[in-house]
Amino acid sequence: DVVQGIFQDNNVLLMVADWTDQDPIITSALAEFERNSVPLYVFYPGDGSAPKLLPQILTITNIKELFK
């Protein structure tokens, strides 16, 4: 609930990609970040700056730091 509130307060659009069938578009996106597995959490700032890779284990602190 806390994280959902942070996302709502900051107008974050959440997107999920399902790689169950190893979709080639998702495979390509993973390769852009030099990854070949999931989960991969990426935050794209609204100001157009470079995307930020997030740790595989997210914490409320990780999320709050994105908006400071």
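The structure this text deals with has already been given above.
Just so it is clear, the model here is predicted, and its values are computed rather than measured.

About the thresholds
- Residues numbered from 1 in each chain as written.
- Predicted model: local features only at pLDDT ≥ 70, side-chain atom pairs only at ≥ 80, totals over all residues.
- Heavy atoms only, no water.
- Phe/Tyr/Trp six-rings, centres within 6.5 Å; stacked < 30°, edge-to-face > 60°.
- Helix = DSSP H or I, 4+ residues; strand = E, 2+ residues; numbered from the N terminus.
- Buried < 20%, exposed > 50% of the residue type's maximum accessible area, 1.4 Å probe, protein only.
- Salt bridge = Lys/Arg side-chain N within 4 Å of Asp/Glu carboxyl O.
- Core = buried A, V, L, I, M, F, W, Y, C linked by side-chain atoms within 4.5 Å.
- Contact = heavy atoms within 4.5 Å.
- Polar contact = N/O pair within 3.5 Å; in protein donor to acceptor, adjacent residues only side chain to side chain.

S.K.: Can you help me understand the packing of aromatic side chains in this one?
M.R.: Two aromatic rings, taken as a pair, are described by how far apart their centres are and by the angle between their planes. Counted by the stated rule, this structure contains one aromatic pair. Taking the centre distance of 5.5 Å and the plane angle of 85 degrees together, the rings of F43 and F67 count as edge-to-face. With F43 in strand β1 (residues 41-43) and F67 in the segment after α3 (60-65), the pair connects residues that are 24 residues apart, well separated along the chain. Relative accessible area serves as the criterion here: at 12%, F43 is assigned to the buried category. What makes F67 partly exposed here is its relative accessible area of 27%.

S.K.: Quick question: what am I supposed to make of the pattern of salt bridges here?
M.R.: Pairs can form between side chains of opposite charge whenever their charged atoms are close. As enumerated under the stated definition, the model contains one salt bridge in all. The salt bridge involving E65 is made with K68; its shortest N-O contact spans 3.2 Å.

S.K.: How should the nonpolar core be read in this particular structure?
M.R.: As a rule of thumb, nonpolar side chains are buried together in soluble globular proteins. Judged by nonpolar contacts, I6, F7, F43, L54, I63 and L66 together constitute the single largest core of six residues. Once you skip the residues sitting within four places of it in the chain, L66 turns out to touch F43, K52 and L54.

S.K.: When you look at helix α2 (residues 24-32) in this model, what are you seeing that I'm missing?
M.R.: Each α-helix turn comprises 3.6 residues. Residues three or four places apart therefore point the same way. Between a side-chain oxygen at the N-terminus of α2 and the backbone nitrogen of I25 the separation is 2.6 Å; the capping residue is D23. At the C-terminal side of α2, E34 shows a positive phi close to 55 degrees.

S.K.: I would appreciate a short explanation of the environment of I6 in the present structure.
M.R.: Along the chain, I6 falls in helix α1 (residues 2-9). Taking the relative accessible area as the measure of exposure, I6 reaches 12% and is therefore buried. Separated by 49 residues in the primary sequence, I6 and P55 place their C-alpha atoms 18 Å from one another. When residues no more than four places from it in sequence are discounted, the contact partners of I6 are I60, I63, K64 and F67.

Keep in mind these numbers describe shape, not what the thing actually does.
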